[in-house]
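Remarks on the overall topology
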Amino acid sequence: MPSSNTAALVVAAGRGSRFGDDLPKQYLDLAGLPVLTRAIKALREHPGIGAIQTVIHQEDEHLYRAATAGLDLLPPVLGASTRQASVLAGLETLSVAAPTYVLIHDGARPLVTADLIDRVLAALHVADAVLPAVPVIDSLRAVDADLVIGEIARDGLVRAQTPQGFRFQAVLDAHRRYADSVGATDDVELVRRAGGKVVWVEGEEDNLKVTLPDDLPRAARILGTAARRYATAMGFDIHCTEPGRPLVLAGVGIPSPFGLSGHSDADVVLHALTDALLGTIGAGDIGVHFPPSEERWRGADSSMFVRHALGLVTERRGKLEHVDLSIMAERPKIGPHRPAMTRRLQELLALPADRIGLKAGTMEGLDAVGRGEAISAQALATVSFPS
Ligand code: MG
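Structure report, in brief.

Reading the values: rules and limits
Residues numbered from 1 in each chain as written. Predicted model: local features only at pLDDT ≥ 70, side-chain atom pairs only at ≥ 80, totals over all residues. Heavy atoms only, no water. Helix = DSSP H or I, 4+ residues; strand = E, 2+ residues; numbered from the N terminus. Rg over C-alpha atoms; globule rule 2.2 N^0.38 Å. Buried < 20%, exposed > 50% of the residue type's maximum accessible area, 1.4 Å probe, protein only. Contact = heavy atoms within 4.5 Å. Areas by Shrake-Rupley, 256 points an atom, 1.4 Å probe, with all protein chains shown as cover. Lys, Arg positive; Asp, Glu negative; His and termini not counted. Charge placed at Lys NZ, Arg CZ, Asp CG, Glu CD. Pairing = 2+ DSSP bridges. Axes fitted to C-alpha atoms, helices over the stretch in contact; angles between N-to-C directions. Right-handed = clockwise from strand over helix to strand, strands pointing away. Donors = N, O, S within 2.8 Å, 3.2 Å for Na, K, Ca; no water. Arc of directions from axis to C-beta. Parallel < 35°, antiparallel > 145°, perpendicular 65-115°, else oblique. Nonpolar A, V, L, I, M, F, W, Y, C, P; charged D, E, K, R; others polar. Core = buried A, V, L, I, M, F, W, Y, C linked by side-chain atoms within 4.5 Å. Salt bridge = Lys/Arg side-chain N within 4 Å of Asp/Glu carboxyl O. Left-handed = near helix turned anticlockwise from the far one by under 90°.

Another aspect to go through is the overall build of the protein. When you go through the protein residue by residue, the secondary structure sums to 12 helices and 19 strands. Radius of gyration (C-alpha) of the protein: 29 Å, far over the 21 Å computed for a compact globule of 387 residues. Burial status across the protein gives 49% buried among its 387 residues. Taking contacts inside the protein between residues at least 6 apart in sequence as the whole, the part at least 24 apart equals 72%. Total accessible area on the protein is roughly 18,400 Å²; 53% of this is exposed by carbon and sulfur atoms. Measuring between centres, the 39 positive side-chain charges of the protein sit 0 Å from its 47 negative side-chain charges.

Structural data, given as structure tokens:
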């Protein structure tokens, strides 16, 4: 099915009143990404889906922008007072592009899989609407307060999920027709009432809707460690020694008759660390971000380079997990300064001490470092990203 014929509508205009949280549930964090971002990404990454239209609450525009940065989506439509009216607003906007099919998905269902989307799309060839659903396993009982008052046969019952698939014109017509009448709980029901043929396909037990506070930890367990991608990158730097300059290593001033030559404070350790951090996001090296030709970096505190690189990592939702640093210097002795350096790195990186490796050694009199003509540093940075 050509993707340009199939649009998706993601409904995220609700306020999540059952959650008791300040943040609407679709914007809560699920293993490093907002629930809504995961719901949209699953659709965006499916090759069978073209345009994606979202419907959001007017008070959530800033949350929405942050949650969808970098995703290729149509501009959001602002929702109405009911879900049904919000869906209609989204469909009316989509109708300009006149897709043949549309999937309508709940922004609070973050775990939808490509397989499930495939099943819904495939069944659209034989129906006006397709409902993914799962069988009712538990037996059903009627209750009144704390009393059990009866049994309900579960035969012939399924639990409805989204994304629900539609012939676009069928669902638009049904929504227009019932716009002023009592709401149905979902869109397939409107198409069914309007006389359309509605079929169901197998949903997925894990395709849960984040509704109650317990649902978030459950969704995180389902995602498991597969929810994070790890990147480890290296950095290396070397600077010549220069008599009379202050020596700064890992952000700490060290008494020494010589320092290192360089445009900034020449902190070879923080330069190597900056390159390692940039490496985890494929963002070039320190020279790309801070050209030595620029006068304003003269004598600069190199911690600003680290902060900048860390800011870029954070922008890409990366979380620094660990750094490992190695300093090669014939003199002065690094050991006595290691505690101060570790403390400085803890502050700078917001990492506990057991996630900061800091080693020092000499070159045994060999090469330029060994002859005391230079000091070098190597760094490894490990960053995790939501995937
Ligand atoms: Mg350097």
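Read across the open sheet, the 5 strands follow the order β16-β13-β19-β17-β18; overall the sheet is mixed. At either margin of the open sheet sits one strand with a lone partner, and together these are β16 (258-260) and β18 (356-361). Pairwise comparison of adjacent strand axes, ignoring direction, gives a mean angle of 20° for this sheet. Across 9 bridges, the pairing between strand β17 (residues 319-328) and strand β19 (residues 374-386) is antiparallel.

Moving on to the pairing of β17. One face of the sheet, then the other: side chains in a regular strand alternate in exactly this way. In terms of burial, β17 is a largely internal element, 7 of the 10 residues being buried. As paired elements, β17 and β18 share 6 bridges and run parallel to each other. By the bridge assignment for β18, Met-328 is matched with Gly-361. In this fold, the crossover linking β17 to β18 by way of helix α11 (residues 338-349) has right-handed handedness.

So, on to the coordination of the magnesium ion. All of the protein donors around the magnesium ion are Asp-237 (OD), His-239 (NE2) and His-271 (ND1); their distances to the metal are 2.0 to 2.3 Å. Every donor residue of the magnesium ion comes from the same chain, spaced as D-x1-H-x31-H. Remark: His-271 occurs in helix α8 (residues 268-279) and Asp-237 occurs in strand β13 (residues 228-243); sequence separation between them is 34 residues. Here the two residues Asp-237 and His-271 agree in accessibility, since each one is buried.

Within the sequence span of helix α7 (residues 215-223), burial applies to Asp-215, Leu-216, Ala-219 and Leu-223. For α7, the arc enclosing every buried residue in end-on projection is 100°, short of the 170-degree limit, so these residues lie on one face. Looking at the packing, one finds that the buried side of α7 touches β2 (29-30) and α1 (35-44). Downstream of α7 by a residue or two, Gly-224 has a phi angle that is positive, lying close to 60°.

Interhelical geometry of α8 versus helix α10 (residues 303-315) gives an angle of 10° and a closest axis separation of 9 Å. On the basis of the axis angle, α8 is roughly parallel to α10. Across the interface between the two elements, Leu-270, His-271, Leu-273, Thr-274, Leu-277 and Leu-278 of α8 pack against Ser-303, Phe-305, Val-306, Ala-309, Leu-310, Leu-312 and Val-313 of α10. By residue class, the composition of the contact of α8 with α10 is 10 nonpolar, 3 polar and no charged.

A separate point is α1. What sets the pattern is the α-helix's 3.6 residues per turn: residues three or four places apart point alike. Of all 10 residues that make up α1, 8 are buried, and the element is covered over most of its length. Of the positions making up α1, those classed as buried are Val-35, Leu-36, Thr-37, Arg-38, Ala-39, Ile-40, Ala-42 and Leu-43.

Glancing now at the nonpolar core. With 43 residues, the main nonpolar core has Leu-249, Leu-273, Leu-320, Met-341, Leu-345, Leu-349 and Ile-375 as its most contacted residues. The element contributing the most residues to this core is α8, with 8 residues. Each residue touching Leu-320, except ones within four places of it in the same chain, is listed here: Leu-277, Leu-310, Leu-349, Leu-351, Ala-381, Thr-382 and Val-383.

The tally for this structure, following the rule as stated, stands at 16 salt bridges. One network of salt bridges, in which partners are shared, links Glu-189, Arg-192 and Arg-193.

This next bit is on the packing of helix α3 (residues 83-94) against helix α5 (residues 168-177). Here α3 crosses α5 at 135°, and the two axes come no closer than 10 Å. One finds that α3 runs oblique with respect to α5. The chirality of how α3 crosses α5 is left-handed. When α3 is examined against α5, the residues Gln-84, Val-87, Leu-88, Leu-91, Glu-92 and Leu-94 are found in contact with a partner set consisting of Phe-168, Val-171, Leu-172, His-175 and Arg-176.

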